Amino acid sequence: MASSTTEHDTGHDTGHDTAPESHGDAGDDAPTNPQAEQLARIHHLLRLALTITVLVVSIWLVGDVLMVLFAATLVAVILHNLARHLERRTRMPYWIALSIVVLTIISALTALIWSSGPEISEQAIRLRMALSEQAHTLRDHMGDSTLGRMILDNLPTSFGGNEHSSGGSGFGSIAGSMTGFVTSAFGAAGTLAVILIAGLYFAISPEIYVNGMLRLVPRIYRMRTRDLLLTAGQTLWAWTAGQALDMTVVGLLSFMGLWIIGVPLALALGVVAGLANFIPYIGAFVGAVPAVLIGLSQGTREGLTVLGLYAAIQFFEGNVMAPLIQRHAVKMPPGLTILSQTIFGTILGIPGLILASPLTAALLAMMDRATPKLSDDERV
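How each quantity is defined
Throughout this document, residue positions are counted from 1 along each chain, in the order its sequence is written. Totals for whole chains, interfaces and linings use all residues, but because this is a predicted model, local features are given only for residues with pLDDT of at least 70 and pairs of side-chain atoms are given and counted only at 80 or more. Processing note: side-chain calculations cover all non-hydrogen atoms of the structure and skip hydrogens and water entirely. The numbering of helices and of strands both runs from the N terminus, where a helix is a DSSP run of H or I of at least 4 residues and a strand a run of E of at least 2. A helix is expected to reach a length of 1.5 Å times the quantity of its residues less one. The term bend refers to the angle at a residue between two fitted axes, each drawn through seven residues, those ending there and those starting there. Each Phe, Tyr or Trp ring, with Trp reduced to its six-membered ring, pairs with another whose centre is within 6.5 Å; inter-plane angles below 30 degrees give stacked pairs, above 60 give edge-to-face pairs, and intermediate values give tilted ones. Each reported salt bridge corresponds to a side-chain nitrogen of Lys or Arg within 4 Å of a carboxyl oxygen of Asp or Glu. Per-residue accessibility, obtained with a 1.4 Å probe over protein chains only, is compared with the maximum for each type, and a residue is labelled buried under 20%, exposed over 50%, and partly exposed between these values. Here, nonpolar core means buried Ala, Val, Leu, Ile, Met, Phe, Trp, Tyr and Cys residues that are tied together by side-chain atoms lying within 4.5 Å of each other. We call two residues contacting when some pair of their heavy atoms lies within 4.5 Å.

Enquirer: Would you mind going over helix α9 (residues 282–298) in detail, with residue names and values included?
Expert: For α9, spanning 17 residues, the distance from its first C-alpha to its last is 26 Å, which sits close to the expected 24 Å at 1.5 Å a residue. Of all the bends in α9, the greatest, near 25°, is centred on V289, and the proline P290 appears no more than four residues after it. Immediately downstream of α9, the backbone of G299 shows phi near 145°, a positive value.

Have a look at this one:
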């Protein structure tokens, strides 16, 4: 108590002496506060730029591994949600529900291959031969015009052009191409097997892997990170379910329309259109090109009819199917979708192009969850 009184008296007696000093300190701090805020802002921007740079470099260096990991995660999300739906409806244990889902998918694929596999394979081979023939015919027609020859002279030989690469020629080049093709085929098959097996293991015990990731996050951010991971998983499931329905409808409509028109290889072309529709917007063009080429081989009228058919299907898909699907699934801006496909396709190639849309949907959902909403006066 005595010391407190002494300190109080001292402060009271020297109040006039200390007042100017306190004003002087405040005067000194006033100009330094904006500088400190500016330095903090610069530090934050530099840290953000460094984080983005490290992320981009990591994606560039190990992008293939990340794409395999994301594809396996997508498979796990599909299997996990199907098993959860079955578990809730039947009250059976989760592992039994997952086993039933996996066996059902394998049985359905086996039945499809057994019943329609030979026909699809035969039509796929005929489709490849027909497309090759049409490509040669188109190249001959382009060679008859000045513009066509200019385009061919600037296209590499791998795309049917006249610009030769620096590689070898003759039998050695053919042998190298065949070796690369076989290696790529076995590589693709091995990668697909890794994705399916890893996805199955992820789906068997997803909590092990998610909890392991959360342990790497600082404790104060774990609940937030957990919420973001759950949001990403729900978004991937919604996007995949909606896209599967969209692919099925487009494939069936394409097959039925081509069969009614009388275009050969309608079944194979319908399968191609349905599978290509997994990639929004770009997939519609990719799926239409083979059908239009086959239609042109039958005549100009048939080619234009096929083009009109695919335009009508895409109009129905974009204006009827997509709004119904997006009402219960994920709505993505078209410009952002195409931009993400361009970026991921450029960095990671074909796998990046294929997986760009679900990856972007998950990232958008996480960003929407992590950032505050705009108020009415903040909106543009």
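Enquirer: Residue-level account of the packing of aromatic side chains, with values.
Expert: All chains considered together, the criterion is met by two aromatic pairs. Arranged with centres 4.8 Å apart and planes meeting at 65°, the rings of F202 and Y209 form a pair that is edge-to-face. Each ring, one from W239 and one from F278, has its centre 5.3 Å from the other, and the planes form 90°; the classification is edge-to-face. On the criterion of sequence distance, the pair formed by W239 in helix α7 (residues 222–261) and F278 in the loop between α8 (266–276) and α9 is long-range, its members being 39 residues apart.

Enquirer: Break down the pattern of salt bridges for me, with residues and values.
Expert: Pairs may arise between side chains of opposite charge once their charged atoms sit close together. Scanning all chains against the criterion turns up three salt bridges. One salt bridge in this structure joins R369 and D227, with 2.7 Å as the shortest N-O distance. Note that R369 is positioned in helix α12 (residues 350–370) and D227 in helix α7, a separation of 142 residues in sequence. Given the relative accessible area of 45%, R369 is considered partly exposed. The partly exposed category is assigned to D227, whose relative accessible area is 22%. A salt bridge links D368 to K373, with the nearest nitrogen and oxygen atoms 2.8 Å apart. Of the residues examined, K373 reaches a relative accessible area of 59% and is grouped as exposed.

Enquirer: Would you mind going over the environment of V62 in detail, with residue names and values included?
Expert: Along the chain, V62 falls in helix α2 (residues 15–90). For V62 and L348, which are 286 residues apart along the polypeptide, the C-alpha to C-alpha distance reads 9.4 Å.

Enquirer: Tell me what's going on with the nonpolar core, and back it up with residues and numbers.
Expert: If you look at the biggest cluster of nonpolar residues, it comprises 29 residues, and the most contacted ones within it are L79, A83, L98, A203, L236 and L355. Broken down by secondary-structure element, the contributors of at least two residues to this core are α2, α3 (94–142), α5 (170–204), α7, α11 (334–348) and α12. A per-element tally of this core places α2 first, with nine residues. Contacts of A83, omitting those with residues within four sequence positions, involve Y94, A97, L98 and V101.

Enquirer: Describe unusual backbone geometry, naming the residues involved and giving the relevant values.
Expert: You will see that R91, though not glycine, has its phi angle at about 65°, which is positive. Assignment of secondary structure puts R91 in the loop between α2 and α3. On the basis of relative accessible area, R91 is assigned to the exposed category, the value being 75%. With phi around 70°, Y281 is a residue other than glycine that occupies positive phi space. Inspection of the secondary structure assignment puts Y281 in the loop between α8 and α9.

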